[in-house]
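# Close look at the chain arrangement
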Amino acid sequence: MPVLHLDQVTKTFGSLKALDQVSLSVHPGEVYGFIGPNGAGKTTAIRVLMGILQATSGQATLFGQDAWKHAVALHQRVAYVPGEVSLWPNLTGGEVIDLFVRLRRGGKTRYEDTLLERFDLDPGKKCRTYSKGNRQKVALVAAFASDADLYILDEPTSGLDPLMEEVFQQCVLEAKSKGKSVLLSSHILSEVEKLCDKVSIIRQGRIIESGSLQELRHLTRTFVRAKTMRPVTNLADNPHVHDVRQEADSLSFSVEVPHLGEVLSLLHEHGIKNLECMPPTLEQLFMSHYERGD
């Protein structure tokens, strides 16, 4: 049974359709990437899952229960980190973390102190003195210290420096190794690529592609750079080859994955001296969808 499930969820605000029949499922021990630009509908979908918003139609469930009707009970098993964290200004960071952890576990844990050290956070300062990055650290420490069954993370590394992003990624992988599930909403594609087993791409409130990274890469192109003994003059005439560039004795282009074999055979006929083939990154995949306007 999925830990998290959206089934044909639509959410409208007046005439604006923020979500349009969105469906996705996250299973135990899975890190699921939910990607799209700001305004695509990621946060709205997460608010429906958290019981903050009620879906106009469709069904949102967590652990098999309705996310709206059973929100209070379900939140005992869920850790949520928003992209914009607001904290009580007169409490210290440590007091806020202790409060959130007690709501789920009943007391402070040694893991909490370890996380404070790893995220380089001073828990004795008042929250009103924290920078955006430090407020984000408070939320992340509270989330990972709570030992939740499901982590819903909405742009969680907003405001973090690269070193802290690395710490965050380690924490996600540790949670996964314990059988926990993670829904990671992000527009930082390198982050999603490192962590996620599956991804869904959302555009203007609609899921336009879902699958594992390997499956999605079949929908785009592979970049090739080659040096051949004899010039390849007719490559640009192939409708499956794109962005052909000749630089001195080096030839570079992108090719649609299903036709990679026939293009490599053509290069072989011209005598390959050097060859590099690079699979597309998630960013290239993401941009190809938006450029095509799928």
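Worth saying up front: this structure is predicted, and the values here are computed from it rather than measured. (Residues numbered from 1 in each chain as written. Predicted model: local features only at pLDDT ≥ 70, side-chain atom pairs only at ≥ 80, totals over all residues. Heavy atoms only, no water.)

In this structure, I97, F119, F144, Y151, L153, F168 and V172 are the most contacted members of the largest nonpolar core, which totals 47 residues. For this core, the element with the highest residue contribution is helix α5 (residues 132–145), accounting for 8 residues. A domain split of this core shows at least three residues from each of domain 1 (4–210) and domain 2 (219–293). Those residues in contact with F168 that sit more than four places away from it in its chain are F119, L140, F144, L153, P156, T157, L184, E191 and L195. In terms of nonpolar packing, the next biggest core, distinct from the first, is built from 27 residues, V9, L19, V26 and I202 among them. (Core = buried A, V, L, I, M, F, W, Y, C linked by side-chain atoms within 4.5 Å. Buried < 20%, exposed > 50% of the residue type's maximum accessible area, 1.4 Å probe, protein only. Helix = DSSP H or I, 4+ residues; strand = E, 2+ residues; numbered from the N terminus. Domains from an automatic or database assignment. Contact = heavy atoms within 4.5 Å.)

Where α5 contacts helix α6 (residues 162–177), the axes come no closer than 11 Å and their chain directions differ by 15 degrees. As summarised for this structure, α5 and α6 are arranged roughly parallel, according to the angle between their axes. The two elements α5 and α6 cross, and the hand of that crossing is left-handed. Contacts between α5 and α6 involve K137, L140 and F144 from the first element and M164, F168, C171 and V172 from the second. Among the residues forming the contact of α5 with α6, the class breakdown is 6 nonpolar, no polar and 1 charged. (Axes fitted to C-alpha atoms, helices over the stretch in contact; angles between N-to-C directions. Parallel < 35°, antiparallel > 145°, perpendicular 65-115°, else oblique. Left-handed = near helix turned anticlockwise from the far one by under 90°. Nonpolar A, V, L, I, M, F, W, Y, C, P; charged D, E, K, R; others polar.)

Before going further, it helps to spend a moment on the sheet that holds strand β13 (residues 250–256). In space, the 4 strands of this open sheet follow the order β12-β13-β11-β14, with antiparallel pairing throughout. Each having just a single partner strand, β12 (241–247) and β14 (272–278) make up the two edges of the open sheet. Adjacent strand axes in the sheet meet at a mean angle of 15 degrees, parallel and antiparallel pairs treated alike. For β12 and β13, the ladder comprises 5 bridges, and the chain directions are antiparallel. Of the residues in β13, the one forming a bridge with Q246 is L251. (Pairing = 2+ DSSP bridges.)

With that settled, the discussion passes to the environment of V257. Mapped onto the fold, V257 is located in the loop between β13 and α9 (260–269). When its relative accessible area of 21% is taken as the criterion, V257 is described as partly exposed. Separated by 208 residues in sequence, V257 and L49 have C-alpha atoms that sit 36 Å apart.

A complete count under the given rule lists 11 salt bridges for this structure. The shortest N-O distance in the salt bridge between K132 and E84 comes to 3.1 Å. Placement of K132 in helix α5 and of E84 in the loop between β6 (78–81) and α3 (93–104) is noted, with a sequence separation of 48 residues between them. You can call K132 partly exposed: its relative accessible area is 27%. (Salt bridge = Lys/Arg side-chain N within 4 Å of Asp/Glu carboxyl O.)

We now examine the domain arrangement of the chain. The domain boundaries assigned to the chain delineate domain 1 (4–210) and domain 2 (219–293). Tallying the contact residues gives 13 residues for domain 1 and 10 residues for domain 2. Summing the contributions of domain 1 and of domain 2, the shared interface buries around 950 Å²; its carbon and sulfur component is 76%. Summed over the shared surface of domain 1 and domain 2, the number is 0 salt bridges. The interface formed by domain 1 and domain 2 includes 0 residue pairs in polar contact (both at pLDDT 80 or more). Only α7 (189–195), β9 (198–203) and β10 (206–212) provide two or more residues apiece to the side of domain 1 that touches domain 2. At 4 residues, the largest contribution of residues to the side of domain 1 that touches domain 2 is made by β9. Class assignment of the residues belonging to the side of domain 1 that touches domain 2 gives a composition of 9 nonpolar, 1 polar and 3 charged. (Buried area = accessible area lost by both parts, 1.4 Å probe. Polar contact = N/O pair within 3.5 Å; in protein donor to acceptor, adjacent residues only side chain to side chain.)

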